[in-house]
Amino acid sequence: MAEFHAPQDVYTGRGCRKAVGDSVTKLGGSRALVVTDPHVIASAAAQDVLELLENAGIATIQYDGVIAEPTVEMVEAGLKVFHSFNSDIVIGLGGGSPMDAAKAIAVRAVSANSSLPKLEGANKVQTGRPPLICLSTTAGTGAEVTPFSIITDEERDVKMLISSLELLPDVSFSDPALADTAPLRPSIYAGVDALTHAIEAYVSRKAQPITDDLALSAIRRISASIVRACSEDYDEEARDDMTFASMQAGMAFANSSVALVHGMARPIGAVFHLPHGLCNSILLQSVMAFSLGSAPQRYASIADALGCEVGGLDSITAANCGIDKVREITEILAVPTLSQTGADLDLFERSVVKMAEDAIASGSPGNNPRIATIDEITELYRQNY
Ligand SMILES: [Fe+2]
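Heads up: these notes are all about the structure in this document. (Residues numbered from 1 in each chain as written. Predicted model: local features only at pLDDT ≥ 70, side-chain atom pairs only at ≥ 80, totals over all residues.)

Quick look at the overall build of the protein chain
Here is step 1 of the chain: Of regular secondary structure, the protein chain possesses 15 helices and nine strands.
Here is step 2 of the chain: If one aligns the C-alpha atoms of the protein chain with their principal axes, the spans along those axes are about 60 × 45 × 45 Å.
Here is step 3 of the chain: Per-residue burial for the protein chain yields a buried fraction of 53% across its 385 residues.
Here is step 4 of the chain: Considering only residue pairs separated by 6 or more positions, the protein chain has 77% of its internal contacts joining residues 24 or more positions apart. (Helix = DSSP H or I, 4+ residues; strand = E, 2+ residues; numbered from the N terminus. Buried ≥ 20, exposed ≤ 12 C-beta atoms within 10 Å, placed from the backbone. Contact = placed C-beta atoms within 7 Å.)

Structural notes on the packing of helix H4 (residues 72–84) against helix H5 (residues 96–108)
A pair of packed helices can be characterised by two numbers: the angle between their axes and the separation between those axes.
Here is step 1 of the chain: Contact geometry for H4 and H5: axes closest at 9 Å, N-to-C directions at 60 degrees. Between H4 and H5, the angle is such that the two are oblique. The way H4 lies across H5 gives a crossing that is right-handed. Taking contact as the criterion, the partners of Met-74, Val-75, Gly-78, Leu-79 and Phe-82 in H4 are, on H5, Ala-101, Ala-104, Ile-105 and Arg-108.
Here is step 2 of the chain: Its residues placed into classes, the contact of H4 with H5 shows seven nonpolar, one polar and one charged. (Axes fitted to C-alpha atoms, helices over the stretch in contact; angles between N-to-C directions. Parallel < 35°, antiparallel > 145°, perpendicular 65-115°, else oblique. Left-handed = near helix turned anticlockwise from the far one by under 90°. Nonpolar A, V, L, I, M, F, W, Y, C, P; charged D, E, K, R; others polar.)

Side note on the nonpolar core
Here is step 1 of the chain: Judged by nonpolar contacts, the single largest core of 121 residues is most densely connected at Val-35, Ile-105, Ala-198 and Ile-219.
Here is step 2 of the chain: Ranked by residues supplied to this core, first place goes to helix H7 (residues 184–203) with 11 residues.
Here is step 3 of the chain: Mapping this core onto the domain boundaries places at least three of its residues in each of domain 1 (9–179) and domain 2 (194–383).
Here is step 4 of the chain: Discounting residues that sit within four places of it in the chain, Val-35 has contacts with Tyr-63, Val-66, Gly-78, Val-90, Ile-91, Gly-92, Leu-93, Pro-98, Ala-101, Ala-102 and Ile-105. (Core = buried A, V, L, I, M, F, W, Y, C linked by C-beta atoms within 7 Å. Domains from an automatic or database assignment.)

Observations regarding the sheet that holds strand E3 (residues 59–63)
Here is step 1 of the chain: Read across the open sheet, the six strands follow the order E1-E9-E6-E4-E2-E3; overall the sheet is parallel. The sheet terminates laterally at strand E1 (9–12) and E3, the two strands that pair on one side only. Ignoring which end each strand starts from, the neighbouring axes of this sheet average 15 degrees apart. (Pairing = 2+ DSSP bridges.)

Describing H5
Two residues of an α-helix separated by three or four positions point the same way, owing to the 3.6 residues in each turn.
Here is step 1 of the chain: The terminal C-alpha atoms of H5 lie 18 Å apart, and with 13 residues this matches the ideal 18 Å at 1.5 Å per residue to within 8%.
Here is step 2 of the chain: Most of H5 is tucked away: 13 of the 13 residues are buried. (Expected span 1.5 Å × (residues − 1).)

Overview of the environment of Asp-344
Here is step 1 of the chain: Along the chain, the position of Asp-344 falls in the loop between helix H13 (315–332) and helix H14 (345–361).
Here is step 2 of the chain: For the pair Asp-344 and Phe-272, spaced 72 residues apart in sequence, the C-alpha to C-alpha distance is 8.3 Å.

Examining helix H11 (residues 276–291)
Here is step 1 of the chain: With 16 residues, H11 should reach 22 Å at 1.5 Å per residue; the first-to-last C-alpha distance of 21 Å fits that figure.
Here is step 2 of the chain: At Leu-284, H11 shows its largest kink, close to 45 degrees.
Here is step 3 of the chain: Counting buried residues in H11 gives 14 out of 16 residues, a clear majority hidden from the surface. (Bend = angle between axes of the 7 residues up to and from the residue.)

A word on the sheet that holds strand E5 (residues 121–122)
Here is step 1 of the chain: With mixed pairing, three strands are arranged side by side in an open sheet as E5-E8-E7. Sheet topology places E5 and strand E7 (148–153) at the edges, where each strand pairs with a single neighbour.
Here is step 2 of the chain: The sheet contact formed by E5 and strand E8 (residues 158–163) spans two bridges and is parallel. The partner of Ala-122 across the bridge, within E8, is Ser-163.
Here is step 3 of the chain: With respect to the sheet, H5 is in contact with E7 and E8, its orientation differing from that of E7 by roughly 90 degrees.

Structure (structure tokens):
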């Protein structure tokens, strides 16, 4: 038996944002809180979304205070705006941070006597939230189709994972035009994040037939288009493919989970304040090498989807070609190693065991084909400093 969950309406393709007004109306909304960030809202495509809402007779108020990874404080500030405007629908417009904040504001709106830290973990969220729409402006997180929100609790210095089907948007928009103005470096890291979602969803112990097809299709698209999409020369076809693949990979890991790479990447991000996709990229090849012996056929299929010539090769050899292909992609995209980011070696040495403990505590490594011990995770961190 397998379960699969996705938004009730999934809009994809260049220009799909034009349906946003009808979507709000269909969900019964007329006063929308738009959760975004100052960079996104300055773009022409985002302004177009506001105009589309206005033309559909939807009153809007913006909360653009999600200036970095969202915190409890930012969500509470957004919630105040939601109530002060008598909003009846929440719209997330941005990358992972504004979308995660929008999700958290929507579920906080029905937990008046609660607080976000009490919602941390799985299925602690009350039902009955206002309608929720997410429009993604990056090709990477897939947050527009996932039932997760990551919010930092600054009092405890913890990145809380809140997980509930209540966080799954009712409607998602993956419109590549919204990603056209994203800066190059963040786009590269977002693209590698999407590739990691697809690879981890495919090798996860919770993989299932629907997520398998989505993940392999996403890997094919990303491998064929990531370098062209992340180049100074504008390539519309490649960018369209990356946005679609990011949505596919999001749906895949939303239903089959991520694994060891993500489990290890979050502590790196927390200690060194590095972008999430970069942290994944630092680890991806060596975690694949560590894991492939436990699922060689799966990693061979990934190599095939990455475009490697695997005909006639045994599974292990084919799987290793996949790792070479990932290395080739990250080298072309000039993704730095941890030490090249300027991460302090003393801080690394002081933190590495705690990072390994936090990685295991997150639960994601438990979905990896090969279960890693604390010592093995520590060693993997050291290999990738
Ligand atoms: Fe990710």
